[in-house]
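What follows is each chain in one-letter form.
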Amino acid sequence: NLRRGRIARIAAAAAICLMLVYALHKYSKESESVSSSDVHLVQSEIVSAYKYHADVYPKLLNEDGNFEPKPLKPVVGNGEGGQPYHMPEIMANDVAESESQYGMNIAASDKIAMNRTILDTRMEECKFWHYPENLPKTSVIIVFHNEGFSVLMRTVHSVFNRSPPQFLHEVVLVDDYSDKDDLKEKLDKYIKRWNGKVRVIRNEKREGLIRTRSRGASEATGEVIVFLDAHCEVNLNWLPPLLAPIYRDPKIMTVPVIDGIDHRTFEYRPVYQAGANYRGIFEWGMLYKENEVPSRESKKHEHKSEPYKSPTHAGGLFAMNRKYFLELGAYDPGLLVWGGENFELSFKIWQCGGSIEWVPCSRVGHVYRAFMPYSFGDLARNKKGSLITINYKRVIETWFDEEHKQYFYTREPMARFLDMGDISKQVELKNKLNCKGFDWFMKEVAYDVYDKFPKLPPNVKWGMVKNKATSACLDTLGRGAPSYIATSACHGVGGNQIFRLNSAGQLGVGERCVEADADSVKQAVCRLGTVDGPWSYDDAESHIIHRLHGHCLTMHATTKALGLRPCDPHNLYQQWTITHKKPN
Ligand code: UD2
Ligand code: MN
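Residues numbered from 1 in each chain as written. Chains lettered and ligands numbered in written order. Predicted model: local features only at pLDDT ≥ 70, side-chain atom pairs only at ≥ 80, totals over all residues. Heavy atoms only, no water.

Time to look at the coordination of the manganese ion (ligand 2). Protein ligation of the manganese ion (ligand 2) involves D229 (OD), H231 (NE2) and H366 (NE2), the donor distances falling in the range 2.1 to 2.2 Å. In the primary structure, the donors to the manganese ion (ligand 2) are separated according to the pattern D-x1-H-x134-H. Here H231 is found in the loop between strand 4 (224-228) and strand 5 (232-234), whereas its partner H366 is found in strand 12 (residues 355-367), with 135 residues between them in sequence. The same class applies to H231 and to H366, which are both buried. (Donors = N, O, S within 2.8 Å, 3.2 Å for Na, K, Ca; no water. Helix = DSSP H or I, 4+ residues; strand = E, 2+ residues; numbered from the N terminus. Buried < 20%, exposed > 50% of the residue type's maximum accessible area, 1.4 Å probe, protein only.)

Below you can see the structure in the form of structure tokens.
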């Protein structure tokens, strides 16, 4: 151990030397002239907003422009330091009750201090950046619907505890028509302690989080808006690194790295180990994904702690110049409740002349819930099909080009039948702002999507896969991958019974691929970067054939289990139709 300690010290000393070299290099570059028309040079201009304090490293703390808080003394208590808090067994009923009501353990949260300390998950070098002293003032906007009181308030406490007060203009809580008993009274009373710095505005009816955020932005009065979910804890010195890029260029959206807070124990955990940088991308069904920053981007940066460009973001947490957000039309008001708004805003920003940067030195913890505890209620009435897919369709029909739209419909074929409403206003805005095409975006910004999710070959068949002998359909039963695929009565509403076979032999369901051997048929994560597979369909025999031994997908006559068997033209248990129809 002693030896390890010494090695660590030597490594630290070496790192300091390296940083000094970097810093000298950087300062010598700063005198170069910058042309604002060149994206790459604009990047280096932003980076120069951060004067790296290598000259005084390692003793610097609390210098002007650094904003680094004094190290806190360790505190003893439930959940302090971001440690997990395990409720005593005797509270099991309360735990179960709050988990079913809120999707998280509010009973445990109630026993953890509002001002608890958390784990500093930043890279060491984050403590040594120097930021401009006149950063823009910020409205932090938190929208919520029936959130647990202590979790919501801890979000606000963390903002006050860990933001330089001169940059915190206000906290705006937007209540999306919560109807839990005493939440309103408790909240109104509690926020008095902040003497008007925290205000609540309330929707007259349920609007969903997307419209509620747009409303928060139009009513906020700070120069910059920062959105947070109602179950977050911001980490040390999270705000200045988010504001600095916007201060230099108001068309940059900045995004903190989102750490995880356990929904049961409230343990604060780093999402990635410090130093690993990821960015937001998507697959063709518009599921949000994260990908290691590709070298084409990372090589533009001298330090791993510098902001880097990202095609998109998870949705909940970001900072933007308020006027710019409103100039872009805020969120498309036709988007419903939840989902897809992150893509809408991201494509709009990039294609219409802005950019998105992820900021490794800004970390915010977020509670990922066990399930979505609220219903879409009236908001979903008269909507056929998944609201979220309807949102995706609006977004891709507005922002994608014809080529890329096809990949979405190949991966999500039922979406063709969904009514997305009127998008003419969105298209008008796109023309008015003279926005670039989606091919430009894919080529210059989201190029790493293709590495993980190549362009999709067209489907040769898609729909319900129905067995001729039993008239039952293949069904994932909504299980996650990997898991066995089963059969159940054909229901015709799509969802877990919609399979697709593409011209390269991939049989898929949702974002998963179908794999099989003699005794099982499974859905599993598709091999990243591939679009092919072992399957083909024989129209004459109605066989689904697997390349391995040329065997056929077969349902066992008595056990009904699925597997691969030698093909037999007389066996009805091997005959399948793959068909779809427009849902009523
Ligand atoms: C993620 C985002 C979330 C949002 C969503 C897609 C993160 C960490 N979270 O899901 O911010 O972008 O994807 O749309 O990136 N809420 C309302 N009204 C509603 C429903 C929700 O105000 O009708 C509030 C809710 O109380 C919460 C916020 O909206 O504060 C986000 O909802 P969520 O936490 O259920 O979304 P999440 O984190 O699963
Ligand atoms: Mn959330």
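Having seen the model, we can carry on.
Turning our attention to the side chain of H263. Along the polypeptide, H263 turns up in the loop between strand 6 (252-261) and strand 7 (268-269). Apart from residues lying up to four places away in sequence, H263 is in contact with E99, G103, M104, N105, V367, Y368, R369 and A370. (Contact = heavy atoms within 4.5 Å.)

Below, the discussion takes up the layout of surface pockets. In this structure, the largest pocket spans a volume of roughly 1,100 Å³. Forming the walls of the largest pocket are 44 residues, and the residues nearest its centre are D229, A314, W338, H366 and Y368. Secondary structure elements with two or more residues in the lining of the largest pocket: strand 1 (138-144), helix 7 (209-219), strand 6, strand 9 (288-292), helix 11 (341-351) and strand 12. For the lining of the largest pocket, the element with the most residues is strand 6, which contributes four residues. Its residues assigned to classes, the lining of the largest pocket shows 25 nonpolar, ten polar and nine charged. Estimated volume of the second largest pocket: approximately 940 Å³. Around the second largest pocket, the lining is made up of 36 residues, and of these S386, T389, E412, G495 and N496 lie nearest the centre. (1 Å grid on protein atoms, 1.4 Å probe; cavity = no way out; pocket = protein on both sides within 12 Å on 5 of 7 lines; lining within 4 Å. Points joined across faces, edges and corners; volume = space filled by probe spheres on them. Nonpolar A, V, L, I, M, F, W, Y, C, P; charged D, E, K, R; others polar.)

Within the largest apolar cluster, 62 residues are counted, with the highest numbers of intra-cluster contacts made by F282, M320 and F347. Of all the elements, helix 12 (residues 387-399) adds the most residues to this core, at six residues. Excluding anything up to four places from it in sequence, F347 contacts F282, M286, C352, V395, W399, F400, F438 and F441. Of all hydrophobic cores here, the second largest spans 44 residues; its members include I142, L187, V200 and A230. (Core = buried A, V, L, I, M, F, W, Y, C linked by side-chain atoms within 4.5 Å.)

Attention now goes to the domain arrangement of the chain. The domains assigned to the chain are domain 1 (41-365) and domain 2 (459-579). The C-alpha centroid of domain 2 is placed 43 Å from the C-alpha centroid of domain 1. (Domains from an automatic or database assignment.)

Let us now look at empty space enclosed by the protein. Under the definition given, this model contains two cavities of 30 Å³ or more. Quantified by volume, the largest cavity comes out at close to 50 Å³. Every residue lining the largest cavity is listed: M414, M464, G492, G494, I498, T579, H580 and K581. By residue class, the composition of the lining of the largest cavity is three nonpolar, four polar and one charged.

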